[in-house]
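Understanding the architecture of this molecule
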Amino acid sequence: MNILAIGDVVGSVGCRFLRSKLPTLKKLKAINLVIANGENSADGNGLTPTSVRYLLDSGVDVITSGNHSFRRKESYDTYEECGQLLRPANFPVGAPGRGYMVYDMGRTQVGIFNLMGTVYLDPLDNPFFTADSFLKETPTITVVDFHAEATGEKRSMGYYLDGRVSALWGTHTHVQTADECVLPKGTGYISDLGMTGTVESVLGVQPELTIRKMKTQMPVRFDLVQEGPCKLDCCLFDIDDATGRCRGAERLELR
């Protein structure tokens, strides 16, 4: 089982670049399942019904999200109605949508789990306890998108779930890390997948705007860079169907 995890897709430009690259990559790497973080897939943060449909029509099988999950009110119904869209499972009870699903692939099922960290982010339920509650009964192959700010929290979660899930990857920082590995008990891991969007930017945003914010500490509207070279950051996990253990993690960046 080859599972491709794609880093935060940023804006319409990131969505278009993903569509231009994903079909060929799926064939080249014999990819069985594609999971992408889409919480920034709409221009101006968040996601919309349109951006969700665009990603799914482009070859993404499941979309995860994070701290911008509910930035756009028009997304609320989409979380309830779209079975291929997840939000972090440790949001309070009553939040739209779900944080865990089982994706039926016919010959096998894959559990897909979305969590959010709490270090330097919103004070949600403790993600470690939330993971425990969801992982009592899961398919042999189960993967986790851990949307978190702190590398220490991500690596701690990786070791905490080592041997209990097939792969765990971090999202949120938009900067791809070089620590892809298989942990001692067989869980594939990378601290952050990176992002899908414009290269000459600050996490997809126009640099002059982020610089102004850092210098003045005044409110600044973060407009995205809409033109220029793009990249698609991702990681490919080779999972043993029989055991659910990861046999290899391959970090990729497509330009």
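Within every chain, residues take consecutive numbers counted from 1 along the sequence as written. Local features in a predicted model are, by the rule used here, given only for residues with pLDDT of at least 70; side-chain atom pairs are given and counted only at 80 or more, and totals for whole chains, interfaces and linings are based on all residues. Side-chain metrics rest on all non-hydrogen atoms present in the structure, leaving aside hydrogens and water.

1. Here we look at the nonpolar core
Nonpolar side chains tend toward joint burial in soluble globular proteins. To be explicit about the condition: As used in this record, nonpolar core signifies buried Ala, Val, Leu, Ile, Met, Phe, Trp, Tyr and Cys residues forming a set joined through side-chain atoms within 4.5 Å. Whether a residue is buried, partly exposed or exposed follows from its accessible area with a 1.4 Å probe, protein chains only, as a fraction of its type maximum: under 20%, in between, or over 50%, in that order. Counting from the N terminus, the helices are DSSP H or I runs at least four residues long and the strands are E runs at least two residues long. It only takes one pair of heavy atoms within 4.5 Å for two residues to be counted as in contact.
Leu 4, Ile 6, Leu 18, Val 60 and Cys 234 are the most contacted members of the largest nonpolar core, which totals 33 residues. Among the secondary structure elements, those contributing two or more residues to this core are β1 (2-6), α1 (11-28), β3 (33-37), α2 (49-57), β12 (230-239) and β13 (246-254). With 6 residues, the single largest contributor to this core is α1. When neighbours within four sequence positions are excluded, Leu 4 is seen to be in contact with Leu 22, Leu 25, Ile 31, Leu 33, Val 34, Ile 35, Cys 234, Cys 235 and Leu 236.

2. Observations concerning the sheet that holds strand β6 (residues 109-116)
To be explicit about the condition: One requirement defines pairing of two strands: DSSP has to find at least two bridges between them. Only the stretch in contact is used when fitting a helix axis, every axis being a line fitted to C-alpha atoms; angles between N-to-C directions are given from 0 to 180 degrees.
Taken together, 6 strands build an open sheet; the order of strands is β5-β6-β7-β8-β10-β9 and the sheet is mixed. Only two strands of the sheet have a single partner each, and these edge strands are β5 (100-104) and β9 (181-182). In terms of strand pairing, strand β8 (residues 167-171) meets strand β10 (residues 188-190) through 3 bridges, oriented parallel. The residue bridging Ala 167 from the neighbouring strand is Gly 188, located in β10. Contacting β5, β6 and β7 (141-147), helix α4 (residues 127-134) crosses the sheet at an angle of about 160 degrees to β6.

3. Remarks on the packing of α4 against helix α5 (residues 151-160)
The description of two packed helices rests on the angle between their axes and on the distance between the axes. To keep it simple, the criterion reads: What sets the label is the angle itself: under 35 degrees gives roughly parallel, over 145 gives roughly antiparallel, 65 to 115 gives roughly perpendicular, and the rest give oblique. For any pair of crossing helices, the crossing counts as left-handed if the nearer helix is rotated counterclockwise from the farther one by less than a right angle, and right-handed if it is rotated clockwise. All amino acids are sorted into three groups, where Ala, Val, Leu, Ile, Met, Phe, Trp, Tyr, Cys and Pro are nonpolar, Asp, Glu, Lys and Arg are charged, and the leftover types, Gly among them, are polar.
Two elements in contact, α4 and α5, have axes whose closest approach is 11 Å; the angle formed by their N-to-C orientations is 30 degrees. Looking at the two axes, α4 sits roughly parallel to α5. Here α4 runs over α5; the crossing is right-handed. Contact with α4, carried on its side by Pro 127, Phe 128 and Asp 132, involves Glu 153, Ser 156, Met 157 and Tyr 160 of α5 and no other residues of that element. Of the residues assigned to the contact of α4 with α5, the class counts are 4 nonpolar, 1 polar and 2 charged.

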